[in-house]
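Observations on the model geometry
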Amino acid sequence: MGLLHKDLISIHDLTVGEVATILDVAKKLKKKQKNGEPHQYLKGKTLGMIFSKASTRTRVSFEVGFYQLGGHPIYLADSATQLGRGEPVRDTARVLSRFVDGIMIRTFSHESVKELAQYATVPVINGLTDLLHPCQALTDMLTIQEKLKVLKGRKLVYVGDGNNMAHSLMFACAKVGMNMVCASPKGYQPDPVVLAQAQEDAKETGCTITVEENIMKAAKGADVLYTDVWTSMGEEAEREVRMEALHDYQINDELLAVARPHCLVLHCLPAHRGEEITESVLEGPHSVVFDEAENRLHVQKAIMALLMSDEKI
Ligand code: CP
Ligand code: NVA
């Protein structure tokens, strides 16, 4: 088993089969790790991890995951590299490709990640851009599958800012056949290009990807309620305006009451209690946010093993 592309930049680029493979391998690796079985598929390899934005989960899960696979990860904070001082992305890509076996990058511009992948001869993994967060959305599919068994035909309702998280969830849902409604106010709805691409992808699996302004209407019958921060990294200057515009787009007990009784609550974290989600829901029985966070480790190990191992996984 492997993946068709050199890189993992967007779930939109993956086939339905590749998404299923990532989830299957993640489950296999999770089991091996829990049982203490060896799974050093990347022994002797190195991973460069470029961060232009803050991170807790992504940094630790990639670093620990790569180590557990037998490799050596290198943390490259933007501020401490020449990239941060203006060395071109295309030069960084070619230099790093001479040293490392793979590159993970978290940055602002999605175009920069595409350029990095174009010039790098080693696999590039998108650890979040302003446009997408694919590793998180793939992780979310694993978490939902573990809890609800079947993904196809389920309803995921995303509440809040139509941001990078919403975009990657739209692509992920389309690939696994989950119906998704993005409940966002005008001005904060997902990118129409991403929406159109996800809707096109959804034709293959027979699900629907839609946008709805009315949050209560959207949440009716949801199997999963999902939210993310109102102000993403890089948008701090807009915080006050966003607080006002997104004020009603919160996961709270009232919203949960119109969802299905078994409804799961997911959040990529970090969460802002009292803004996009209430304390009672985040800490309540429907919330699976910490199982979700753990799954970053297992899914990213699957992605790295599939992209970088010389062995059959
Ligand atoms: N969910 C997520 O990507 O978290 P970090 O910003 O901590 O990496
Ligand atoms: N939308 C958030 C996700 C953080 C994991 C951000 O980009 O800051």
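The notes below deal with the structure included here. Just so it is clear, the structure is predicted and the values come from calculations on it, not from any experiment.

**Side note on helix H5 (residues 134-148)**
Compared with an ideal rise of 1.5 Å per residue, which puts 15 residues at 21 Å, H5 spans 21 Å between its outermost C-alpha atoms and is within 8% of the ideal. Counting buried positions over the 15 residues of H5 gives 13, a clear majority of the element. Positive backbone phi, approximately 65°, marks Lys 149, located one or two places after H5.

**Notes on the layout of surface pockets**
Estimates place the volume of the largest pocket at around 540 Å³. The residue inventory of the lining of the largest pocket, partitioned by class, reads 10 nonpolar, 14 polar and 10 charged. Each pocket or cavity is described by its volume, and for the second largest pocket that value is around 160 Å³. Ile 9, Ser 10, His 12, Asp 13, His 110, Lys 114, Leu 131, Leu 132, Phe 171, Asp 191, Val 194 and Gln 197 together form the lining of the second largest pocket. Put simply, the parts of the chain that give the lining of the second largest pocket at least two residues each are helix H4 (110-119) and helix H7 (192-205). Class assignment of the residues belonging to the lining of the second largest pocket gives a composition of five nonpolar, four polar and three charged.

**Notes on the packing of H5 against helix H12 (residues 289-308)**
Where H5 contacts H12, the two axes come as close as 8 Å, and the packing angle between them is 115°. As far as their axial angle goes, H12 and H5 are roughly perpendicular. Seen from above, H5 lies across H12 with right-handed handedness. Contacts from Cys 135, Gln 136, Leu 138, Thr 139, Asp 140, Leu 142, Thr 143, Glu 146 and Lys 147 of H5 reach H12 at Asp 291, Glu 292, Asn 295, Arg 296, Val 299, Gln 300 and Ile 303. In the contact of H5 with H12, the residues fall into five nonpolar, five polar and six charged.

**Brief notes about the site of ligand 1**
Neighbouring ligand 1 are the residues Ser 55, Thr 56, Arg 57, Thr 58, Arg 106, His 133, Gln 136, Cys 268, Leu 269 and Arg 296. Measuring from a nitrogen atom of ligand 1, one finds a side-chain N or O atom of Gln 136 at 3.0 Å. Cys 268 places a polar main-chain atom, nitrogen or oxygen, 2.9 Å from a nitrogen atom of ligand 1. Summarising the interface, the protein chains cover 96% of the accessible area of ligand 1, which totals 260 Å² for the free molecule.

**A short note on the nonpolar core**
Counting residues in hydrophobic clusters, the biggest one holds 64 residues, and the most contacted among them are Ile 22, Met 141, Ile 144, Leu 156 and Ile 209. Among the elements that line this core, the one with the most residues is helix H6 (residues 164-176), at nine residues. Every residue in contact with Ile 144, bar those within four places of it in the chain, is listed here: Lys 149, Leu 151, Leu 156, Met 178, Val 224, Leu 264 and Leu 266.

**Considering H7**
Counting along an α-helix, one turn takes 3.6 residues, and residues three or four places apart therefore face a common direction. Taking 1.5 Å of rise per residue, the 14 residues of H7 would be expected to cover 20 Å, and the 20 Å separating its terminal C-alpha atoms lies within 8% of that figure. Within H7, burial applies to Val 194, Leu 195, Ala 198, Asp 201, Ala 202 and Thr 205. Angular distribution of buried residues about the axis of H7 spans 130°; they occupy a single face of the element. Pointing more than 90 degrees away from the buried face of H7 are the exposed residues Pro 192, Val 193, Lys 203 and Glu 204. Residues of H7 that are buried sit in contact with helix H1 (16-35), H6 and strand S7 (209-212).

**Observations concerning the sheet that holds strand S4 (residues 124-126)**
Read from one edge to the other, the open sheet built from four strands follows the order S2-S1-S3-S4, with strand pairing classed as parallel. Only two strands of the sheet have a single partner each, and these edge strands are strand S2 (72-77) and S4. Across the sheet, the mean angle separating the axes of adjacent strands is 20° when strand polarity is ignored. Both strand S3 (residues 102-106) and S4 contribute to a ladder of three bridges, which runs parallel. Looking across to S4, one finds that Met 104 is bridged to Ile 125.

**Focus: the site of ligand 2**
Lining the immediate surroundings of ligand 2 are Leu 128, Asn 163, Asn 164, Asp 228, Val 229, Ser 232, Met 233 and Leu 269. Asn 164 is positioned such that a nitrogen or oxygen atom in its side chain is 2.8 Å from an oxygen atom of ligand 2. Contact with the protein chains removes 94% of the 270 Å² of surface that ligand 2 exposes when unbound. Here the residues of the shell around ligand 2 are counted per class, giving four nonpolar, three polar and one charged.

Parameters at a glance
Residues numbered from 1 in each chain as written. Chains lettered and ligands numbered in written order. Predicted model: local features only at pLDDT ≥ 70, side-chain atom pairs only at ≥ 80, totals over all residues. Heavy atoms only, no water. Helix = DSSP H or I, 4+ residues; strand = E, 2+ residues; numbered from the N terminus. Expected span 1.5 Å × (residues − 1). Buried < 20%, exposed > 50% of the residue type's maximum accessible area, 1.4 Å probe, protein only. 1 Å grid on protein atoms, 1.4 Å probe; cavity = no way out; pocket = protein on both sides within 12 Å on 5 of 7 lines; lining within 4 Å. Points joined across faces, edges and corners; volume = space filled by probe spheres on them. Nonpolar A, V, L, I, M, F, W, Y, C, P; charged D, E, K, R; others polar. Axes fitted to C-alpha atoms, helices over the stretch in contact; angles between N-to-C directions. Parallel < 35°, antiparallel > 145°, perpendicular 65-115°, else oblique. Left-handed = near helix turned anticlockwise from the far one by under 90°. Contact = heavy atoms within 4.5 Å. Near = heavy atom within 4 Å. Polar contact = N/O pair within 3.5 Å; in protein donor to acceptor, adjacent residues only side chain to side chain. Areas by Shrake-Rupley, 256 points an atom, 1.4 Å probe, with all protein chains shown as cover. Core = buried A, V, L, I, M, F, W, Y, C linked by side-chain atoms within 4.5 Å. Arc of directions from axis to C-beta. Pairing = 2+ DSSP bridges.

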